[in-house]
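Remarks on the overall topology
Listed below, chain by chain, are the residues.
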Amino acid sequence: MAPGVRAGLGTNSLNPDRFFDSDPAIRSVARALYEETRALPIVSPHGHVDARILAENAPFPEPTSLIVQPDHYILRLLYANGVQLDALLQGDPRHVWQLFAEHYYLFRGTPTGAWLDHELHEVFGVRERLSADTAGRVYDAIRERLQSPEFRPRALFERFNIEVLATTDAASDMLEHHCALRESGWKGRVIPTFRPDALFRIASPGWPGALDALGRADGEPVRDYVGFVRALADRRTYFKSLGATATDHAVLEPYTAALQGEEAERLFHLACQGTVTLADERRFTAHLLMEMARLSLEDGLTMQIHPGSLRDHNRLVFERFGPDRGGDIPVATEFTRNLRPLLNAYGNDPRLTLVVFTLDESTYGRELAPLAGHYPAMRLGPPWWFFDSMEGMRRFRERTTETAGIYKTAGFNDDTRAFCSIPARHDLARRIDANYLAGLVTRHVIDESDARPMARALAYDLAKQTYHL
């Protein structure tokens, strides 16, 4: 380690060799590979940044609402260690920042800590360790920077070298902020992603409202199943007209099955009458995933499936503070049988691109890599959520590459609401992938001339190819 360079959280300097192997041979190759990828443009094909931020281009008001409150990775670990969510979400911004700084040590050794270190140092120029003692100074310094033109959302988008940023939007969203961005003349590329999840949950109390919203967006009420699918197809076309290249489907399980005859119509009418069951919803969702794959053959939208999260596990937190507060928990997930109907129907057709994610690491080598290593349509989504981490990314590469290769993976997704963390997340992924490839080089599995285009593919090319960007 270079003199005066420390490796801990919130340090004065970031070690240039952070996250690389301690073996000097591996580290040397990793450095060289990373140097070739670190400045590549950022392709962000899946995330949750609000398009309104870029459409309005207003100054961010202060650090707390920008860094702490929208990031459920931060909220969940603070809450798990006794910091109350009402104090974090409803308190005075300066007081919330003080609480965050007092507990900053909790993030040591986590990917959140790595992202925060990068964000504070590289984005905001913070050169002292964040702590209870320095919280006020750091808060004031960041707040002052946020008032300058260089820290407006569009200026940061350009400084971050973002080539394209995809948002995630409800099927009924009119996408007014995306329209405003197009009309503004600004050259930044911000595109929507079609996410119809609320319309799949026919047993949910919120489904009638979601159906009404779909009808309003489509221009006429939805009265039957045929009209329902037609409205979904119309909305996909509208999203595509504003640049969308993908759909996204968050389901508890990746169960797929085609309903026969009039069964889909029957379940739709039961839902309209409010007499549908959770078992009915499971079958309806399985059928709709088949329909979404069919529609992707027609309109070319990449289809993403994010299964395996039991949403809002903590009912108290959900009822008091709403979703996306860190209370979603992974469940064991089966893919081989569940995806078989969809893959048999559409997985051999190269017009379909199906990106499958998981929160069950045990499926990497047993199911997902063999499936992606066989079906032309299927690609593996990058390590997601709890596994978008230093060791999680390494495990993903180790368990999938030998069976599927890297070219059946989808590149990197930052999948974040925290806009200013985007460069940190991509930088970490590029470092981990460079280090993984360097290990293969030093063991003579590949040579460095192989590793260079592989590193570029993982950092940039694969995301563009997978999402038709």
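The structure under discussion appears in the preceding block.
The present account deals with the structure reproduced in this document. In this numbering scheme, every chain counts its residues from 1 along its sequence in written order. With the structure being a predicted model, the display of local features is reserved for residues of pLDDT at least 70 and the display and counting of side-chain atom pairs for 80 or more, all residues being used for whole-chain, interface and lining totals. Only heavy atoms go into the side-chain values, all of them from the structure, while hydrogens and water stay out.

**Details of the environment of R129**
- Under the DSSP-based scheme used, a helix requires at least four consecutive residues in state H or I and a strand at least two consecutive residues in state E, with every element numbered from the N terminus. In this structure, R129 sits in the loop between α7 (111–123) and α8 (135–146).
- The spacing of R129 and R395 is 266 residues in sequence and 30 Å in space, taken between C-alpha atoms.

**Points about the packing of aromatic side chains**
- Planes of paired rings set the category: under 30 degrees apart is stacked, over 60 is edge-to-face and the rest tilted, where pairs are Phe, Tyr or Trp rings (Trp by its six-membered ring) whose centres lie within 6.5 Å. Applying the stated criterion across every chain yields a total of 21 aromatic pairs.
- Both rings, one in F20 and one in Y34, keep their centres 6.0 Å apart while their planes meet at 65 degrees; by these two values the pair is edge-to-face. Here the residue F20 occupies a position in the segment before α1 (24–37), and Y34 occupies one in helix α1, the gap between them amounting to 14 residues.
- We classify Y34 as buried; its relative accessible area is 8%.
- Look at F160 and F419: their rings are 5.5 Å apart centre to centre, the planes differ by 50 degrees, and that puts the pair in the tilted class. In this pair, F160 sits in the loop between α9 (153–159) and β2 (162–166) while F419 sits in the loop between α19 (390–404) and α20 (422–442), placing the two residues 259 residues apart along the sequence.
- Think of it in three bands: with a 1.4 Å probe and only protein chains considered, a residue is buried below 20% of the maximum accessible area for its type, exposed above 50%, and partly exposed in between. Among the residues examined, F160 registers a relative accessible area of 7% and is labelled buried.
- Aromatic ring contacts, followed pair by pair, group W97, F100, Y104, F107 and Y139 into a single cluster.
- In this scheme, Lys NZ or Arg CZ marks a charge over a ring once it lies within 6 Å of the ring centre and within 35 degrees of the ring normal. Sitting over the ring of W115, R425 keeps its end group 3.8 Å from the ring centre.
- One residue, R431, lies across the ring of Y34, its end atom 4.2 Å from the ring centre.

**Quick word on the pairing of strand β6 (residues 246–251)**
- The buried fraction of β6 is high, at six of six residues.
- Here β6 shows a buried face lined by A246, D248 and A250 and a second buried face lined by T247, H249 and V251.
- DSSP bridges decide pairing: two strands pair if at least two such bridges lie between them. Judged from the six bridges that link them, β6 and strand β7 (residues 302–307) form a sheet pairing that is parallel. Bridge pairing in β7 places V251 opposite P307.

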